[in-house]
Amino acid sequence: MALSLSQLNAAPLEEATQWLAGLYEHSPWIARGALAERPFTSLAQLKHAMVRVLAGAGIEPQLALIRAHPELAGKAMVDQSLTAESANEQSKAGLTHCTPAEFETIQQLNRDYNARFGWPFILAVRGPRGTGLPKAEIIATFARRLQGHPDFERQECLRNIHRIAEIRLNDLFDITPTQGNRVWDWQEALAQHTDPGYAELGQLTVTYLTDAHRACAAQISADMRAAGCDTVHIDAVGNVVGCYQRDSALRISDEGYSPIFHKTLLTGSHYDTVRNGGKYDGRLGIYVPLACVQQLSQAGKRLPFDLEIVAFAEEEGQRYKATFLGSSALTGDFEPAWLDQVDANGTTMRAALQHAGLCVDDIPGLKRNASDYRGFVEVHIEQGPVLNALDIPLGVVTSINASARYVGEVTGMASHAGTTPMDSRRDAACAVAELVLAVESRAAQDADSVGTVGQLQVPNGSVNVVPGHCQFSLDLRAPSNAQRDRLAADVVQAAHTICERRGVQLNLTDTMRASAAPSDAAWQARWEAAVQALGVPLHRMPSGAGHDAMKLHTILPQAMLFVRGQNSGISHNPLESTTSDDMQLAVDAFAHLLNQLATPASD
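(A) Here's a closer look at the overall build of the chain. For the chain, the helix and strand inventory stands at 21 helices and 16 strands. Relative to the compact-globule value of 25 Å for 603 residues, the chain shows a C-alpha radius of gyration of 27 Å, a close match. In the chain, which comprises 603 residues, the proportion classed as buried is 52%. Taking the contacts inside the chain whose residues are at least 6 apart along the sequence as the reference set, 77% of them involve residues at least 24 apart. Of the accessible surface of the chain, which amounts to about 25,300 Å², a share of 52% is contributed by carbon and sulfur atoms.

Dropping the structure here:
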């Protein structure tokens, strides 16, 4: 019989500790410390209580916990001395049925890892979905992490230990993240569509209006209909729009209901990807609200307002120079001149739209009337390491950062590398190198400012020539326009100072400037209430990346919810990942937000 939270809250400490003793390998002290915080309102609250206990214990107890774990496919498995929990996990990952070659590979990795770090490699082998990782993925992860820094690797082991404990806790309480699993499965199915040239390499790339892109649109349309959306269509720029219609029995004139109460809630995110990208960037924000629609539909329930989910066709700017094409059409910012842009093959956007069967003349009609909507909310994978490092599953976004981009070139004097004295050089690359460090130093002075020189090129460079030219990019971001402008002014001044001192010429061009999109206070508060209702720690954070929400911000109040990413929160990368448990929390938070809005006093 499964354990219940009420039983755990009421049990004597020793009995409750015994129930949870198997969560952390041979370390019941973690559960004991967490139980001091009873009563728990949710398993998520209990999970984070244990995270805090371990974080506060110090390095030596953490290392002792790591060393209490058995090696993967190691001696303890061979002589059958694994704990019941570890035996179950290694079995589900297929590690009890390795081929001789697989077994030897893992054994060598174990030896190399222990020699480098002094503790066993820890991986939650049941994986983000809880059903077990393929052996090939386990071996690849093992080899990749073998190259990590010891301090980072220790923390990564602890994060995997917490994931192991989370799965064990679910088993103990007989909890299945049903909607989280559904969201996971939807995204796995969608990731089967990828552009030619990448499909053969097993890479995910979905570029605007390619065959794979149109297949994604068809798949999302089918998923929306199956989940219970009443209307689904693909609009003139390729956005997939699904609507779960409100309860028609409720009228604006009903007592206690104001006109704003019945206005549509808009949500969604994009389904295009970067080249060789991840499965969750954008797409998570389509399927989390769709899981809520499915729940409502299966329960025969309606909201007092329409819920409109938009799978935006383009956000990444991979095929054409223009970006945010899908959300720009909704805000009325789609520029007709974009239709004449050409891709790498010389195909105009206009021709690509026509080939996809879309009517460019209908694009102006996609603009939404702001007075018909209550606001826009977006769920998105974090795309960064903050939540992962804190071991917190959800984050509430305070603002989407303002940004400024530049392209630059420094011109010095190309000269012989062997005959030009160091004090006589006009080295363009050295000037840019100094600027790179100046950007790093200046951005670090502000809270949440970032600066990146992501492209560096020495045209016609040679091993024996002092660089006469160096081209570079510059990306600056900050939570507010004013903070961005101060950062940009200081960096530009530093660039001129460096170049003047070194006797080289600077050409710097401002190519893009995007305003910050602060979250609407009321909508941010709704997300905060939803997160806290789940027993999840409240963490507020800015978004350094741009999102469709920053376009909708120009016409509607908006706010975003971030979901923790695995693998240090890496994104725009095949390693991008999150767990079905975190997806479940995101679905629960979205459902809580819908319930808030369904209360007449919510506005």
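Moving on, there is more to tell.
(B) Quick look at unusual backbone geometry. Here Arg38 and Pro39 are connected by a cis peptide whose omega angle stands at 5°. Assignment of secondary structure puts Pro39 in the loop between helix H3 (28–35) and helix H4 (43–55). Even without a glycine there, the phi angle at Phe324 is positive, about 55°. As for its placement among the helices and strands, Phe324 is situated in the loop between strand E4 (307–312) and helix H14 (325–331). Positioned with a positive phi, Asp391 is a non-glycine residue whose angle comes to about 60°.

(C) Local environment of the packing of aromatic side chains. Going through the model one piece at a time under the given rule, you end up with 10 aromatic pairs. Their ring planes at 15° and their centres at 3.9 Å tell us that Phe121 and Phe142 sit as a pair that is stacked. Here Phe121, found in the loop between helix H8 (100–117) and helix H9 (135–145), pairs with Phe142, found in helix H9; they are 21 residues apart in sequence, far enough to count as distant. Judged on exposure class, the residue Phe121 and its partner Phe142 are both buried. The residue whose ring lies beneath Arg182 is Trp186, and the NZ or CZ to ring-centre distance is 5.8 Å.

(D) Inspection of the pairing of strand E3 (residues 264–270) at higher detail. For E3, the buried fraction is high: seven of the seven residues fall into the buried class. Residues Thr264, Leu266, Gly268 and His270 of E3 are buried on one face, and the alternating residues Leu265, Thr267 and Ser269, pointing to the opposite face, are buried as well. Here E3 pairs with strand E5 (residues 373–381) via four bridges, running parallel. Within E5, the residue paired with Leu265 across the bridge is Gly375. In this structure, E3 lies alongside E4, joined through six bridges in parallel fashion. From the neighbouring strand, Thr267 faces E4, where its bridge partner is Ile309.

(E) Looking closely at the side chain of Glu315. Examined against the element boundaries, Glu315 turns out to sit in the loop between E4 and H14. Although Glu315 lies buried, it forms no salt bridge, and the closest oppositely charged side chain, Arg477, sits 9.0 Å away as judged by the N-O distance. Non-local contacts of Glu315, meaning those with residues more than four positions away in its chain, are made with His270, Asp272, Thr323, Phe324, Gly546, His547 and Asp548.

(F) Region of the structure containing the environment of Asp195. Tracing the sequence through the fold places Asp195 in the loop between helix H11 (178–190) and helix H12 (211–227). Overall, Asp195 belongs to the buried group, its relative accessible area being 6%. Taking the C-alpha atoms as reference, Asp195 lies 7.2 Å from Asp211; in sequence the two are 16 residues apart. A polar atom in the side chain of Asp195 sits 2.8 Å from the side chain of Thr207.

(G) Structural view of empty space enclosed by the protein. This structure, assessed with the given rule, holds three cavities of 30 Å³ or more. Looking at the largest cavity, its volume works out to about 110 Å³. Forming the boundary of the largest cavity are His69, Pro70, Leu72, Ser86, Glu89, Gln90, Phe121, Ile122, Leu123, Val125, Ile164 and Arg168. Looking at the lining of the largest cavity element by element, the count peaks at three residues for helix H7 (residues 84–92).

(H) Fine view of the pattern of salt bridges. Using the criterion set out here, one finds 32 salt bridges in the structure. Between Arg442 and Asp446 there is a salt bridge whose closest N-O contact spans 2.9 Å. Residue Asp446 is classed as partly exposed on the basis of its relative accessible area of 23%. Its salt-bridge partner being Arg513, residue Asp510 comes within 2.9 Å of it at the nearest N-O pair. Taking the relative accessible area as the measure of exposure, Asp510 reaches 38% and is therefore partly exposed. Among the ionic contacts, a cluster of salt bridges with common partners joins Lys47, Arg163, Glu166 and Asp581.

(I) Focus on H11. Under the 1.5 Å per step criterion, the end-to-end length of H11 is 19 Å for 13 residues, consistent within 8% with the ideal 18 Å. Among the residues making up H11, those that are buried are Gln179, Gly180, Asn181, Val183, Trp184, Trp186, Gln187 and Leu190. Contacts from the buried residues of H11 go to H12, helix H13 (284–299) and helix H21 (580–597).

(J) Fine view of the packing of helix H2 (residues 13–20) against H3. Here H2 crosses H3 at 130°, and the two axes come no closer than 9 Å. As summarised for this structure, H2 and H3 are arranged oblique, according to the angle between their axes. By crossing handedness, the relation of H2 to H3 is classed as right-handed. From H2, Leu13, Glu14, Ala16, Thr17 and Leu20 reach across to H3, where they touch Pro28, Ala31, Arg32 and Leu35. Its residues placed into classes, the contact of H2 with H3 shows six nonpolar, one polar and two charged.

(K) Quick look at the nonpolar core. Among the nonpolar cores identified, the biggest contains 97 residues, and Leu394 and Trp527 are the most heavily contacted of them. Other than its neighbours up to four places away in sequence, Trp527 contacts Val377, Val379, Val396, Ala559, Met560, Leu561, Ala589, Phe590 and Leu593. Within the second largest apolar cluster, 50 residues are counted, among which are Ala16, Ala31, Ala34 and Trp119.

So, how was this worked out
Residues numbered from 1 in each chain as written. Predicted model: local features only at pLDDT ≥ 70, side-chain atom pairs only at ≥ 80, totals over all residues. Heavy atoms only, no water. Helix = DSSP H or I, 4+ residues; strand = E, 2+ residues; numbered from the N terminus. Rg over C-alpha atoms; globule rule 2.2 N^0.38 Å. Buried < 20%, exposed > 50% of the residue type's maximum accessible area, 1.4 Å probe, protein only. Contact = heavy atoms within 4.5 Å. Areas by Shrake-Rupley, 256 points an atom, 1.4 Å probe, with all protein chains shown as cover. Phe/Tyr/Trp six-rings, centres within 6.5 Å; stacked < 30°, edge-to-face > 60°. Lys NZ or Arg CZ within 6 Å of the ring centre and 35° of its normal. Pairing = 2+ DSSP bridges. Lys, Arg positive; Asp, Glu negative; His and termini not counted. Salt bridge = Lys/Arg side-chain N within 4 Å of Asp/Glu carboxyl O. Polar contact = N/O pair within 3.5 Å; in protein donor to acceptor, adjacent residues only side chain to side chain. 1 Å grid on protein atoms, 1.4 Å probe; cavity = no way out; pocket = protein on both sides within 12 Å on 5 of 7 lines; lining within 4 Å. Points joined across faces, edges and corners; volume = space filled by probe spheres on them. Expected span 1.5 Å × (residues − 1). Axes fitted to C-alpha atoms, helices over the stretch in contact; angles between N-to-C directions. Parallel < 35°, antiparallel > 145°, perpendicular 65-115°, else oblique. Left-handed = near helix turned anticlockwise from the far one by under 90°. Nonpolar A, V, L, I, M, F, W, Y, C, P; charged D, E, K, R; others polar. Core = buried A, V, L, I, M, F, W, Y, C linked by side-chain atoms within 4.5 Å.

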